[in-house]
Amino acid sequence: RRDAEESGCATDKVVKAAATSTRRLMKISSLTLFALVFLLAFLGWPSVVIEDAEIHRGILGVLFLTGILLVALEMWCGWTSLPLC
């Protein structure tokens, strides 16, 4: 019985570590995407992206979906802290 409890505890630690790593990866990658898009928009480069309505809609769609995904994951997982831990 004791071995089962210890292995259960180890399994919980692995699941918690995997969830924490996934949360950090999602936050870092999403914030990097936002920063990259806003940097490109600030610099006005490339001009083809700014002038092409189809590409512009695609970029806005990706930003919207990324934001919605982050909000949904925060609600589902209970990520309320701003730091990456």
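These notes cover the structure that comes with them. (Residues numbered from 1 in each chain as written. Predicted model: local features only at pLDDT ≥ 70, side-chain atom pairs only at ≥ 80, totals over all residues. Heavy atoms only, no water.)

So, the overall build of the protein
Applicable threshold: To qualify as a helix, a DSSP run of H or I must reach at least 4 residues; to qualify as a strand, a run of E must reach at least 2; elements of each kind are numbered from the N terminus. Partly exposed residues are those whose accessible area sits between 20% and 50% of the maximum for their type, while under 20% is buried and over 50% is exposed, using a 1.4 Å probe and protein chains only. Reported accessibility uses the Shrake-Rupley method at a 1.4 Å probe radius. Residues are deemed covered only where the shown protein chains occlude them.
In terms of helices and strands, the protein carries three helices and zero strands. The buried share of the protein, taken over its 85 residues, is 12%. On the protein, roughly 6,900 Å² of surface is accessible, and the fraction owed to carbon and sulfur atoms is 71%.

Brief notes about the layout of surface pockets
Threshold: Two kinds of site are reported from a 1 Å grid over the protein atoms alone, namely cavities, where a 1.4 Å probe fits but cannot get out, and pockets, open sets with protein on both sides within 12 Å along at least five of seven lines, and residues are called lining when an atom falls within 4 Å of a point. Grid points are joined across faces, edges and corners, and a volume is the space filled by probe spheres set on the points. Under the scheme applied here, ten amino acids are nonpolar (Ala, Val, Leu, Ile, Met, Phe, Trp, Tyr, Cys and Pro), four are charged (Asp, Glu, Lys and Arg), and all others, including Gly, are polar.
Considering only enclosed or pocket space, the largest pocket measures out at about 330 Å³ in volume. Lining the largest pocket are 14 residues, with V37, A41, V49, H56 and I59 sitting closest to its centre. Residue assignment for the lining of the largest pocket shows that the elements contributing at least two residues are α1 (2-43), α2 (47-51) and α3 (53-77). Its residues assigned to classes, the lining of the largest pocket shows 13 nonpolar, one polar and no charged.

Some remarks on the pattern of salt bridges
Formally: For salt bridges, the criterion is a side-chain nitrogen of Lys or Arg within 4 Å of an Asp or Glu carboxyl oxygen.
The final tally for this structure, using the stated rule, is one salt bridge. The shortest N-O distance in the salt bridge between R57 and E54 comes to 2.8 Å. Here R57 pairs with E54, and both are found in helix α3, just three residues apart, close to one helical turn. Pair check on accessibility: R57 and E54 agree, each one exposed.

Section: the packing of aromatic side chains
The test is simple: Stacked, tilted and edge-to-face are the three classes applied to pairs of Phe, Tyr and Trp rings, where Trp contributes its six-membered ring and a pair requires centres within 6.5 Å; stacked means planes under 30 degrees apart, edge-to-face means over 60, and tilted covers the rest.
Within the structure shown, the criterion is met by one aromatic pair. Arranged with centres 6.5 Å apart and planes meeting at 20 degrees, the rings of F34 and F38 form a pair that is stacked. Of this pair, F34 and F38 both sit in helix α1, four residues apart, which is roughly one turn of that helix.

Digging into the side chain of T66
Our working definition: Should any heavy atoms of two residues lie within 4.5 Å, those residues are considered in contact.
Checked against the element boundaries, T66 lands in helix α3. For T66, a relative accessible area of 12% puts it in the buried group. Other than its neighbours up to four places away in sequence, T66 contacts S30, L33 and F34.

Description of the environment of T22
Counted only if it meets this: Within 3.5 Å is the distance limit for a polar contact, defined as a pair of N or O atoms, with the added protein rule that one can donate a hydrogen and the other accept it, and that residues adjacent in sequence qualify only through two side-chain atoms.
As for its position among the elements, T22 is in helix α1. What makes T22 partly exposed here is its relative accessible area of 44%. Reaching out from T22, the side chain makes a polar contact with the backbone oxygen of A18 at a distance of 2.8 Å.

Function-wise, these values are silent; they only describe arrangement.
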